Amino acid sequence: MNHAVKKDLNDIMEVFKIHKDTFPHVRSDKIERMINEGKVIWEDEVVITYNHYKRSQRIGTYYRSTRKGDCVLHQIAAKNQGDGSAKKVFLRFLEFNKGKDVWLSVRAENKRAIAFYEKQDFAEVGDIEWGKENQIKGKVFLFDAVPFHVTKDTDFNELASN
């Protein structure tokens, strides 16, 4: 994986500007800080921001918490949507995080992203809300590395009762 360096910041912010309707909240100072912390991938004009959990944490309505060391994907954006570059870099990102659960949340109306994650074997596992009055609705997705692989057909009620 190619982690971003400071000189990549302007190019990365250009990608977020292309997709400002999807990423209106992204600020250059936060991206710069994440670059300095080694939490930004910049490869083939695709940007991925992520973090690894330092402690267990609940995300949305899912019945279990994250584990220490799990990965949370914050954003993925490609300069050229539809050319396959995001998929290629995303699969490398999953390999980079092999053995770790990878979590993400996405706005419920972002159907293109939801379809992309589902094609990569992420399972929708819960709901989440953002905003001062929880006005922004979202979905929580999980690529479950251990102890079992969650799919979109997994019965979470059955799992929770075990």
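See the structure printed just above.
All of the points below concern the structure found in this document. Please read all numbers here as calculations on a predicted model, not as lab measurements.

Another aspect to go through is helix α3 (residues 85–96). Helix length check: α3 (12 residues) gives 16 Å between terminal C-alpha atoms against 16 Å at 1.5 Å per residue, within 8%. Residues of α3 that are buried include every one of S85, A86, V89, F90, F93 and L94, and no others. End-on view of α3: buried residues confined to an arc of 160°, all on one side of the axis. Taken together, the buried residues of α3 touch β1 (40–43), β2 (46–52), β3 (71–78), β4 (102–107), α4 (111–119) and β6 (136–143).

Where strand β5 (residues 123–130) meets β6, 7 bridges bridge the pair, whose relative direction is antiparallel. Pairing of G126 across the sheet is with V140, part of β6. Joining the antiparallel neighbours β5 and β6 is a turn of 5 residues, in which G131 adopts a positive phi near 100°.

Between helix α1 (residues 9–18) and helix α2 (residues 28–36), whose axes approach to 11 Å, the crossing angle comes to 130°. Overall, the two elements α1 and α2 adopt an arrangement that is oblique. α2 is crossed by α1, and the crossing has right-handed handedness. Across the interface between the two elements, L9, I12, M13 and F16 from α1 touch S28, I31, E32 and I35 from α2. Taken together, the residues that form the contact of α1 with α2 break down as 6 nonpolar, 1 polar and 1 charged.

Looking now at the sheet that holds β6. Taken together, 6 strands build an open sheet; the order of strands is β1-β2-β3-β4-β6-β5 and the sheet is mixed. The open sheet terminates on both sides in strands that have one partner only, identified here as β1 and β5. Within this sheet the neighbouring strands show an average axis-to-axis angle of 30°, counted without direction. In terms of strand pairing, β1 meets β2 through 4 bridges, oriented antiparallel. Of the residues in β2, the one forming a bridge with I41 is I48. Sheet contacts for α4: β3, β4 and β6; angle to β4, the most-contacted strand, approximately 155°.

It is worth spelling out unusual backbone geometry at this point. The phi dihedral of D44 falls on the positive side, at around 50°, and the residue is not glycine. On the secondary structure map, D44 appears in the loop between β1 and β2. Classification of D44 as partly exposed rests on a relative accessible area of 41%.

A separate point is the environment of Y62. Among the secondary structure elements, Y62 is positioned in the loop between β2 and β3. You can call Y62 buried: its relative accessible area is 1%. Between the C-alpha atom of Y62 and that of E124, which follows or precedes it by 62 residues, the distance is 9.4 Å.

It is worth spelling out the packing of aromatic side chains at this point. Applying the stated rule across the entire model yields 12 aromatic pairs. Pairing Y117 with F122 gives two aromatic rings, centres 6.0 Å apart and planes at 50°, and the pair type is tilted. Of the aromatic side chains, those joined through ring pairs into one cluster are F90, F116, Y117, F122, F141 and F143.

Definitions and cut-offs
Residues numbered from 1 in each chain as written. Predicted model: local features only at pLDDT ≥ 70, side-chain atom pairs only at ≥ 80, totals over all residues. Heavy atoms only, no water. Helix = DSSP H or I, 4+ residues; strand = E, 2+ residues; numbered from the N terminus. Expected span 1.5 Å × (residues − 1). Buried < 20%, exposed > 50% of the residue type's maximum accessible area, 1.4 Å probe, protein only. Arc of directions from axis to C-beta. Contact = heavy atoms within 4.5 Å. Pairing = 2+ DSSP bridges. Axes fitted to C-alpha atoms, helices over the stretch in contact; angles between N-to-C directions. Parallel < 35°, antiparallel > 145°, perpendicular 65-115°, else oblique. Left-handed = near helix turned anticlockwise from the far one by under 90°. Nonpolar A, V, L, I, M, F, W, Y, C, P; charged D, E, K, R; others polar. Phe/Tyr/Trp six-rings, centres within 6.5 Å; stacked < 30°, edge-to-face > 60°.

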